[in-house]
Amino acid sequence: MSAHVQPRAIGGKLLDRPMLVLLGLFGVAALFMAWRFVFGIGTVSNMTDGFTWGIWEPVNVVVFTGIGAGAFGVGLLCYLLNRGEYHPLVRPAVLVGAISYTLGGSSIVIALGRYWNAVLLPVVPWWNLASVLLEVAVCVMSYIFVLWVEVLPAVFDGAAESAKPRWAAFGRRWGAALARKMPYVIALAILLPTMHQSSLGGLMLLAVTKVHPLWHTPLLPLLFLVSCLSMGYGAVVVLVSILKLGWNARHDQRLFARMSQVNAGLLVAYLAIRLGDIALHGKLRYLGPNWPTFFFAVELALFAVPAVMFYLPRVQANRGRLFGAALLAVWAGAVYRVNAYMTMYRPAGWRADGTPVPAGWNYFPSLGETTITVGMAAVGVAVFILVSRLFPVVVVEDGRTHTAAGAKSAAAS
Amino acid sequence: MSLSRRDLLKGAAAAGAAVALARPAEAREKVAPSPDAVGMLFDSTLCVGCRACQTACKESNKLPADAVEANGGVYDAPADLNSTTKNVIKSLPTDAGGQVFVKQQCMHCVDPSCVSACMLGALHKEGEGKRKIDGEKKGSGIVLWDKWTCVGCRYCQIACAFNVPKFEWYAAFPAIVKCELCRHRADPAKEGALAVANPACVEVCPRAAVIYGRRAELLAEAKRRLAAQPERYAPGVYGEREGGGTQVLYLAAAGVTFEAMGFPALGEGSAARFSESVSHAPYVHGVTPVALYAAMAFVVHRNKRKEEVAAAHGEEETR
């Protein structure tokens, strides 16, 4: 670690105006959540027996964890391929991962009808190993734990810098102890997302008749694995670009350009797998003047445009353009995932001409559902800001503008 | 840097190859109907749409009416299966200007998607759940719901091609509602395998449009009817093979397709077998995750040591 640039606690006022806005948004969402627990899910959402997962599963779980996969992606580069130059990105990426996965997990609890029975999930003899959702649930719960363990070094480092000797000794001792065990945690932090991100795609395998054929394929697990990495790398660039604006975080343009070329490879791989699937499995006949084809084309464009942009020197050299391309890469994965789970899902399936078979159900998210999703995202941003202010997570460009002194006292208090 | 990109792509390609190669090797076995599997046979040419079965179902399952107000009166008129309706009769217009009726309830699939989907085996075939449940015996193939292990995730609703499991959307403590073949009305007087259940809808049907029996016998009866009066029926028995087979079987009137009756066009293989085969393929009976973990822990550990050695050297040089 000594060779790397050290991250630093940002410090500053904890309850500033943006923070209050974020907490306010979460507060409104919390009211809807409370309502849901008393009067039932149907009273706050437009979910029905036909569209039973609404937006909570596709967005709060599948998209949030895709964004959180930056921890997985950066971990792959930094630790498995031993690219030490990515080290400054690890802590922010891991914190975002820990937060978004925790949000995904908590959203599930809100979405579960019989949430009280979820305490039985650790009863191994009752596990139905055929259930893809069980794999996702167990893997995601373990990974949330692993991610927060990965956040701990920042907390211990923060403690070690504390002015209070006991607190500092605690941080040094446990920081060193954890550092020795870290490789075994990191290996788990790579294995678990490989498993559950592919299983998130695998969840829709059962819905043979319901997911449009352009999206339903045995390659769903592979496509979800690739798309989580492309989203994750994009999200890291987006995140650090924003941190650069807000806190003058260190923004290594050349490093981002290189990482984005890795991402370009993933985006191209996705396109190749997707187009190969359509062509080889005889699905070209589903293309035509219809909505599925339109969404399919939008998706392909969203993957292709950043893939090309990441290779252009004028994008690689420009912070704003690279940010834009990275944001598109996040949107690409998000749109693919929401399409596979929701937009292109119909309870009675699809006709060959691309129109859904009528089944008496329609869906558009309700105000309550949307507020809960927005509130969850808001509290995620709030937690990120809070932890970054208190503990050394973000690598800051200029030490003189942001001294660690304020943070130390904040951490100690 | 090209190295890591290539590695990533190689990894993706290897993963793809693993999925493609391992699939046939590890495809999950087909599930054959149990010899004692029980079910129902619905003959749409016999149903007159009296809906006595709907009322009987509600009575014996203690479900409230789906009250619809119209023309100054109140009717128990569910539009579809829902959380207060486990059995419904729908009317379909025919080309000849008449109507045919179709009865909907749980199909009690031979290899059910909902059972494959269910995390803790809350939806399970009788006697084959994960949790030991008193009084359940393996063999009937009835798909039952266990309130003690259901977390209400509703993946069963995504999984079921027939959209059968229903959720109580307006309850603080909701349940999953679906037909359990009136297992709670089991009649010990019935002979052999049939003693496990006694569907109220069958008991009340004035025309024997729906009959209860062992699946094998119901299938033979359906084929006998088809052979005896081919002009009366549409060809085929829905549920014989569709989606791996169902324990509730259907005969359609001539000129009416099963698709028009609201049934999905399913292949012969079950969705459960497809999903489990694809999902389990890369795991190779659990070997892959363990091997991957060991390999990655080794590499990460080695990288860390290399880095520490390099850092130590660097410090010595600067001194």
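This write-up is about the structure you can find in this document. (Residues numbered from 1 in each chain as written. Chains lettered and ligands numbered in written order. Predicted model: local features only at pLDDT ≥ 70, side-chain atom pairs only at ≥ 80, totals over all residues.)

Regarding the overall build of chain A
Helix and strand counts for chain A stand at 13 helices and 0 strands. Mapped in sequence order, the helices and strands of chain A form the string α-α-α-α-α-α-α-α-α-α-α-α-α. Its C-alpha atoms give chain A a radius of gyration of 22 Å, near enough to 22 Å, the size a compact globule of 413 residues would have. For chain A, buried positions account for 55% of its 413 residues. Sequence-distant contacts, at least 24 apart, represent 80% of the contacts inside chain A between residues at least 6 apart. (Helix = DSSP H or I, 4+ residues; strand = E, 2+ residues; numbered from the N terminus. Rg over C-alpha atoms; globule rule 2.2 N^0.38 Å. Buried ≥ 20, exposed ≤ 12 C-beta atoms within 10 Å, placed from the backbone. Contact = placed C-beta atoms within 7 Å.)

Brief notes about the sheet that holds strand β10 (residues 210–214) of chain B
All names here are of chain B. Taking strand neighbours across the sheet as the criterion, the 3 strands line up as β10-β1-β11 in an open arrangement whose pairing is mixed. Both outer strands of the open sheet, β10 and β11 (248–251), are each paired with one neighbouring strand and no more. Sheet twist, expressed as the mean angle between neighbouring strand axes with direction ignored, is 25°. Where strand β1 (residues 38–43) and β10 come together, 5 bridges link them in antiparallel fashion. Along β10, the bridge assignment pairs F42 with V210. Running at roughly 20° to β1, helix α6 (residues 215–228) makes contact with β1, β10 and β11 of the sheet. (Pairing = 2+ DSSP bridges. Axes fitted to C-alpha atoms, helices over the stretch in contact; angles between N-to-C directions.)

What about the environment of L220(A)?
Residue and element names in this part refer to chain A. Of note, L220 is situated in helix α7 (residues 220–247). Note on L220: 24 C-beta atoms within 10 Å, which makes it buried. Among residues more than four places away in sequence, those in contact with L220 are G201, G202, M204 and L205.

Notes on the packing of helix α5 (residues 132–160) of chain A against helix α6 (residues 165–202) of chain A
A pair of packed helices is characterised by two quantities: the angle between their axes and the separation of those axes. Residues and elements named next belong to chain A. Where α5 contacts α6, the two axes come as close as 7 Å, and the packing angle between them is 155°. Between α5 and α6, the interaxial angle falls into the category roughly antiparallel. In this structure, the crossing between α5 and α6 has a hand that is left-handed. The residue makeup of the contact of α5 with α6, split by class, is 26 nonpolar, 7 polar and 4 charged. (Parallel < 35°, antiparallel > 145°, perpendicular 65-115°, else oblique. Left-handed = near helix turned anticlockwise from the far one by under 90°. Nonpolar A, V, L, I, M, F, W, Y, C, P; charged D, E, K, R; others polar.)

Things to note about the pairing of β11(B)
All names here are of chain B. With burial as the criterion, each face of β11 is covered, one bearing V248 and Y250 and the other bearing L249 and L251. With 4 bridges joining them, β1 and β11 adopt parallel strand pairing. The partner of F42 across the bridge, within β11, is Y250.

Quick notes on unusual backbone geometry
Despite not being glycine, N82(A) has its phi angle at roughly 55°, a positive value. The backbone of N71(B) shows a phi angle near 50°, a positive value even though the residue is not glycine. Within the secondary structure, N71(B) is located in the loop between β2 (67–70) and β3 (73–76). The class of N71(B) is exposed, set by 6 C-beta atoms lying within 10 Å.

Observations concerning the interface of chain B and chain A
At the interface, 63 residues of chain B touch 68 residues of chain A. Listed by contribution, the elements that provide at least two residues to the side of chain B that touches chain A are α1 (2–26), α3 (113–117), α4 (155–159), β8 (166–167), α7 (271–280) and α8 (287–318) of chain B. Across the side of chain B that touches chain A, the residue classes break down as 38 nonpolar, 15 polar and 10 charged.

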